Amino acid sequence: MSVENNGPLPGSGSNRLPLSRQRRDVLQHLRGQAAPVTATTLAHVCALHTNTVREHLDALVDDDLAVRERSAPAGRGRPAWRYRARPPQASPAREYAGLAAVLAAQIARSSTDPRADALAAGEDWGRVLTAGQEPTADPEEARKRLLHLLGEIGFAPEADARTRRVRLRRCPFVETAREHPGVICGVHEGLARAALGALGETPQDVELLPFAEPDACRLHLDTGTGPDTGTGPADPDAVAHPHRPTTPGEDR
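Fair warning: this is a prediction, and the values are worked out from it, not measured in the lab.

**With respect to helix H1 (residues 21-31)**
If you check which residues of H1 are buried, you get Arg23, Arg24, Val26, Leu27 and Leu30. In an axial view of H1, the angular spread of the buried residues amounts to 155°, which keeps them on one side of the axis.

**Examining the sheet that holds strand E8 (residues 216-222)**
The strand order E4-E5-E8-E7 describes an open sheet built from four strands, whose pairing is antiparallel. At either end of the open sheet lies a strand with only one pairing partner, and these are strand E4 (157-159) and strand E7 (205-213). Neighbour-to-neighbour, the strand axes of this sheet turn through a mean angle of 25°, independent of strand direction. Sheet analysis places strand E5 (residues 165-168) next to E8, joined by four bridges and oriented antiparallel. Following the sheet pairing, Arg167 is matched in E8 by Arg218. Running at roughly 150° to E7, helix H8 (residues 181-199) makes contact with E7 and E8 of the sheet.

**Some points on the side chain of Arg145**
Among the secondary structure elements, Arg145 is positioned in helix H6 (residues 139-153). Of the side chains with opposite charge, Glu141 lies nearest to the buried Arg145, which makes no salt bridge, at 5.0 Å. Polar side-chain contacts of Arg145 include one of 2.9 Å to the backbone oxygen of Glu134.

**What about the packing of aromatic side chains?**
Under the criterion given, the structure shown has zero aromatic pairs. Sitting over the face of the ring of Trp81, Arg68 holds its NZ or CZ atom 5.4 Å from the ring centroid. The ring centre of Trp81 lies 3.9 Å from the NZ or CZ of Arg70, which sits over that ring.

**As for the nonpolar core**
In terms of nonpolar packing, the biggest core is built from 32 residues, with Leu146, Leu150, Val166, Leu168, Leu219 and Leu221 touching the most fellow members. When contributions to this core are tallied by element, the ones reaching two or more residues are helix H4 (94-110), H6, E5, helix H7 (174-179), H8, E7 and E8. With nine residues, H8 is the largest single contributor of residues to this core. Leaving out residues up to four positions away in the same chain, Leu150 has contacts with Phe155, Ala156, Pro157, Leu168, Leu191 and Leu219. Counting 17 residues, the second-largest nonpolar core is a separate cluster that includes Leu19, Leu57, Leu65 and Tyr83.

**Re the pattern of salt bridges**
Under the counting rule described, the total for this entry stands at 13 salt bridges. Ionic pairing is found between Lys144 and Glu140, a salt bridge with its closest N-O pair at 3.9 Å. Of this pair, Lys144 and Glu140 both sit in helix H6, separated by four residues, roughly a single helical turn. Residue classification places Lys144 among the partly exposed residues on the basis of a relative accessible area of 38%. In this structure, the salt-bridge partner of Glu158 is Arg169, at a minimum N-O distance of 2.8 Å. Highlighted residues: Glu158 in strand E4 and Arg169 in the loop between E5 and strand E6 (170-171), separated in sequence by eleven residues. Of the two residues, Glu158 and Arg169, both sit in the buried class.

Cut-offs used in this document
Residues numbered from 1 in each chain as written. Predicted model: local features only at pLDDT ≥ 70, side-chain atom pairs only at ≥ 80, totals over all residues. Heavy atoms only, no water. Buried < 20%, exposed > 50% of the residue type's maximum accessible area, 1.4 Å probe, protein only. Helix = DSSP H or I, 4+ residues; strand = E, 2+ residues; numbered from the N terminus. Arc of directions from axis to C-beta. Pairing = 2+ DSSP bridges. Axes fitted to C-alpha atoms, helices over the stretch in contact; angles between N-to-C directions. Contact = heavy atoms within 4.5 Å. Lys, Arg positive; Asp, Glu negative; His and termini not counted. Salt bridge = Lys/Arg side-chain N within 4 Å of Asp/Glu carboxyl O. Polar contact = N/O pair within 3.5 Å; in protein donor to acceptor, adjacent residues only side chain to side chain. Phe/Tyr/Trp six-rings, centres within 6.5 Å; stacked < 30°, edge-to-face > 60°. Lys NZ or Arg CZ within 6 Å of the ring centre and 35° of its normal. Core = buried A, V, L, I, M, F, W, Y, C linked by side-chain atoms within 4.5 Å.

Take a look at the structure:
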């Protein structure tokens, strides 16, 4: 499997909200700069107002996706702020990303069927993450609970109105996934399959399309019964963000 798209942004947990399309574009432009730049310089590159770009840059700094530093003094006045993108491996999840890289390389080298072994490993992971949770009889509620779980791990899922077509805009192990997509993406598909099976009483199909979009992977979830509207990717401008699921006896 070859990787043609950049795919999702790095992600490291639910404490980081999905980026808006414009903020994601600012980050991509920032990553394309050879050296730290001012907000004014980047605004010209992005064709946006400087204040708008500065607001996005400050938010990216807060999310640990960018670094803000003072320019060297030059004459009177306070030196300007300059910004640079933080390398993906400098994120708080770098230790886990490194471990994932080692394990993925090991499976790719030693397994006679890397995808099957990756799926099995992901299914084991999914069962561990959902251990002790009561399955729901409502297939859509099960899908929403899966999205909540994926959000906690760091995938920043965005779904269509029926939670059947999902865009994964972040990936905790995206750098390793680009190198070993058959392994890492297989683990993630297995995770989704086992977790959805544990969270719902009705069997549902799960299909992961790695790097299906320039900035996202796609996850297709379906009960296999009834009409399925919206066979294409989820519309990023009309998505239903997952909410924290309730537990039995808890007020909604």
